[in-house]
Amino acid sequence: MDARLTVLTAFPPAAAIDNEEYYQNSQQHAKRVRELIRDNAQWIRESADDILKHVNPAVYSLSYLMILEFLLESPGWTSQQAHESLASYMTEFFLQFDARQIRCKGSTWSDVLKQAYNERGLFPASIAVEVVTAALLRLDPSGSIITSHHCNLVELAYSTGNVGAILPLIEKPIIYMPAKGTSTAQPLCDMSLPPPAYINPDSQLTDTLSSSAVLQYDFLCGLCFIERRMWQQAFDAFERCVTYPTRDGGCSKVMTEAYNKWILVGLLLTGKPPTLPETTSQAAKKIFATQGKPYKLFAQAFKSETAGDLVREFEVINSELLPNEGNVELAKLVLAHYQRWQIINLRNIYTNISLEKIQERTQSAETGAPLPTVEAVDQLVQSMIADGSLQGAIERPTDGSSAYLTFLSSPAQGMSEVEFSAQVNKVMQGIKALEPIIEATNKRLASNREYISHTVRRQFDAAREHKLGLQSAGGGFEESSFHIEEEEDLMSGLPAH
């Protein structure tokens, strides 16, 4: 074997070593590979295929990565054929790399990963989204920390219509946000480290994230989930935008747009207007109450027993707001679901009900009138049963009398004792799995200046509101004074809410 190939396959060592020694060896190896590339640049350019066949990316990830970096920067690799070869090498690497080694060379890994999704276009967008999604989940299988790569990738996925490929990534609940100064004294290659200890700007596995970038990420995730009609996930994503903590209690344009979509998705998900969480800032609530009023009125009309009210409110927002905010199709879907939710809510009154009575008691918001025939009602109810939105069955008596809908128990209500116990155990295991995350979160919050400032500010706002309430009732209140220095990014270094 060529002695130069021996250098490339010298790390990782075959024998088990501790994390400190492993990290030191990785840095020494990276230095030797860098020197090898510098002294043998022409050989690597001309023999890249043969070299990379001997350097298994799953085993010798560090060497493979550094060769990829060199080839991407090499002026001799600009042809179409070279681009195709590079794309093949990168795909093989990102689907197999050893995450432990990559932690030791974060800057190089990030630089090469960016080449997979940037404007250079080594990959078609559909392949880029799939490959980068796999790479990010290989680096952090829990998917619990957002990175700058997440933000760029979700924008690419949504803008190019490749939402399906990114779902495994954006469905993961984000718990942490990366921040400088969160690295640990332990070596980065220690596989027991929580994600924020090794994925941060210091390790260069991510760039620094601004609060606006995180807000935009959640908003785009919501749009992706709408496209897939994943209403619960879309609702949660927009709610994170709506309740996002901001400096000075402000409210950005993205937050107001998210609020409007949050209302529409909430109607689709629950059949009733959603209620703002307690964590929503007072300033945001006031802005939502004014700028989002047409949507709120539309949502209130959804509760009406007649479709005419909802149709009228739709006409108002359709002429003023929906086209400009890209919500026309979403609002039309709400109209289509109006009658479906009327049928679902009949279970609160009936255990079974004839299809004729359903025709009499429900209306289509698309036409503003009841369905024209019982057969149309039959088809609608059957479609609801088929898609799982309605737990029921259509009974057709043999004596020729009218068919009727029988409401069935939900899966949770029909559980046996054994099934219920298994469900409880599953929930308890999930809670137990959160314990190390909660512990790490508490430690970080206790020493985080921005979080402390934010908490004090919240307490001050609550006290001020209480004082105003007492004053309006004729009482007195002595206000304490707080001085809080504002920071550029309130959320830097905090767990995601």
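Student: How would you explain the overall build of the protein if you had to name every residue and give the values?
Tutor: The helix and strand tally for the protein stands at 24 helices and three strands. If you take every contact in the protein between residues at least 6 apart in sequence, the share linking residues at least 24 apart comes to 67%. Surface accessibility of the protein: about 25000 Å² in total, with carbon and sulfur atoms responsible for 51%.

Student: Tell me what's going on with the pattern of salt bridges, and back it up with residues and numbers.
Tutor: In this structure the tally under the stated criterion is nine salt bridges. A salt bridge links arginine 312 to aspartate 309; the shortest N-O distance between them is 2.3 Å. One end of the pair is arginine 312 and the other is aspartate 309, both in helix H18 (residues 307-320) and three residues apart, which spans about a single turn. Here arginine 312 falls in the partly exposed class, since its relative accessible area comes to 49%. For arginine 340, the salt bridge is made with aspartate 387, and the minimal N-O distance between the two is 2.5 Å. Here arginine 340 is found in helix H20 (residues 328-345), whereas its partner aspartate 387 is found in helix H22 (residues 374-387), with 47 residues between them in sequence.

Student: Just give me the short version of helix H15 (residues 253-270), but keep the residues and values in it.
Tutor: Spanning 18 residues, H15 covers 26 Å between terminal C-alpha atoms, matching the ideal 26 Å at 1.5 Å per step. Among the 18 residues that make up H15, 13 are buried, leaving the element largely enclosed by the rest of the structure. Once H15 ends, the next one or two residues include glycine 271, with phi positive near 80 degrees.

Student: Give me the lowdown on the packing of helix H14 (residues 231-242) against H15, citing residues and values where you can.
Tutor: It is at 8 Å that the axes of H14 and H15 come closest, and there the two elements cross at 150 degrees. As the angle between them shows, H14 and H15 are arranged roughly antiparallel. Judged by the twist between their axes, the crossing of H14 over H15 is left-handed. Contacts from Trp231, Gln232, Ala234, Phe235, Phe238, Glu239, Cys241 and Val242 of H14 reach H15 at Met255, Ala258, Tyr259, Lys261, Trp262, Val265, Gly266, Leu268 and Leu269. Within the contact of H14 with H15, the residues separate by chemical class into 13 nonpolar, two polar and two charged.

Student: Tell me about unusual backbone geometry, residues and numbers included.
Tutor: Peptide bonds are trans in most cases, and residues, glycine excluded, mostly fall at negative phi. Residue proline 12 is reached from phenylalanine 11 by a cis peptide bond, and omega for that bond is 10 degrees. Position of proline 12 relative to the elements: it lies in the loop between helix H1 (3-8) and helix H2 (19-39). With a phi close to 55 degrees, arginine 229 is a non-glycine residue in the positive phi region. The residue arginine 229 is located in the loop between helix H13 (211-227) and H14 in this model.

Student: Any details on the nonpolar core? Residues and values, ideally.
Tutor: Counting residues in hydrophobic clusters, the biggest one holds 136 residues, and the most contacted among them are Leu71, Phe94 and Trp109. The element contributing the most residues to this core is H13, with 10 residues. When near neighbours in sequence (up to four residues on either side) are disregarded, phenylalanine 94 contacts Trp109, Val112, Leu113, Val131, Ala134, Ala135 and Arg138. Membership of the second largest hydrophobic core comes to five residues, among which are Phe11, Tyr22, Leu62 and Cys189.

Student: Any details on the sheet that holds strand E3 (residues 404-407)? Residues and values, ideally.
Tutor: The three strands are arranged E1-E3-E2 in an open sheet whose pairing can be described as antiparallel. Of all the strands in the sheet, just strand E1 (352-354) and strand E2 (392-395) have a single pairing partner and so form its edges. Sheet twist, expressed as the mean angle between neighbouring strand axes with direction ignored, is 20 degrees. Where E1 lies against E3, three bridges are found, and the strand directions are antiparallel.

Student: Can you explain the side chain of aspartate 378? Please cite residues and give values.
Tutor: For aspartate 378, the location among the structural elements is in helix H22. Aspartate 378 sits in the buried class, given a relative accessible area of 12%. Within the structure, aspartate 378 has its side chain in polar contact with the side chain of arginine 396 (distance 2.9 Å). If sequence neighbours within four positions are ignored, aspartate 378 has contacts with Leu355, Ile394 and Arg396.

Student: I'd love a proper account of the pairing of E3, names of residues and values included.
Tutor: Pairing of E2 with E3, which is carried by four bridges, proceeds in the antiparallel orientation. Residue pairing in the sheet places isoleucine 394 in a bridge with leucine 405 of E3.

Student: Account for the packing of helix H5 (residues 61-73) against helix H6 (residues 80-94), with residues named and values stated.
Tutor: Interhelical geometry of H5 versus H6 gives an angle of 155 degrees and a closest axis separation of 11 Å. Relative to H6, H5 is oriented roughly antiparallel. The hand of the H5/H6 crossing is left-handed. From H5, Ser61, Tyr64, Leu65, Leu68, Leu71 and Leu72 reach across to H6, where they touch Leu86, Tyr89, Met90, Glu92 and Phe93. A class-by-class count of the residues in the contact of H5 with H6 yields nine nonpolar, one polar and one charged.

Student: Which residues make up the side chain of lysine 105, and what are the values?
Tutor: As for its position among the elements, lysine 105 is in the loop between helix H7 (99-102) and helix H8 (106-117). Despite its burial, lysine 105 remains without a salt bridge, the nearest opposite charge being carried by glutamate 69 at 6.7 Å. Setting aside chain neighbours within four positions, we find lysine 105 in contact with Ala30, Arg34, Leu62 and Leu65.

Student: Tell me about the environment of glutamine 342, residues and numbers included.
Tutor: Tracing the chain through its elements places glutamine 342 in helix H20. Here glutamine 342 falls in the buried class, since its relative accessible area comes to 13%. Linking glutamine 342 and glutamate 305, residues 37 residues apart in sequence, is a C-alpha distance of 8.2 Å. Not counting chain neighbours up to four residues away, the residues in contact with glutamine 342 comprise Ser304, Glu305, Arg361, Thr362 and Gln363. Only 2.8 Å separates the side chain of glutamine 342 from the backbone nitrogen of glutamine 363, close enough to count as a polar contact.

Student: A description of the environment of alanine 283 should follow, citing residues and the corresponding values.
Tutor: Relative to the helices and strands, alanine 283 is located in helix H16 (residues 282-291). A relative accessible area of 29% means that alanine 283 is categorised as partly exposed. Once the C-alpha coordinates of alanine 283 and glycine 250 are considered, the two residues, 33 residues apart in sequence, prove to be 6.2 Å apart.

Reading the values: the criteria
Residues numbered from 1 in each chain as written. Predicted model: local features only at pLDDT ≥ 70, side-chain atom pairs only at ≥ 80, totals over all residues. Heavy atoms only, no water. Helix = DSSP H or I, 4+ residues; strand = E, 2+ residues; numbered from the N terminus. Contact = heavy atoms within 4.5 Å. Areas by Shrake-Rupley, 256 points an atom, 1.4 Å probe, with all protein chains shown as cover. Salt bridge = Lys/Arg side-chain N within 4 Å of Asp/Glu carboxyl O. Buried < 20%, exposed > 50% of the residue type's maximum accessible area, 1.4 Å probe, protein only. Expected span 1.5 Å × (residues − 1). Axes fitted to C-alpha atoms, helices over the stretch in contact; angles between N-to-C directions. Parallel < 35°, antiparallel > 145°, perpendicular 65-115°, else oblique. Left-handed = near helix turned anticlockwise from the far one by under 90°. Nonpolar A, V, L, I, M, F, W, Y, C, P; charged D, E, K, R; others polar. Core = buried A, V, L, I, M, F, W, Y, C linked by side-chain atoms within 4.5 Å. Pairing = 2+ DSSP bridges. Polar contact = N/O pair within 3.5 Å; in protein donor to acceptor, adjacent residues only side chain to side chain. Lys, Arg positive; Asp, Glu negative; His and termini not counted.

That's the geometry; what it means functionally is another story.
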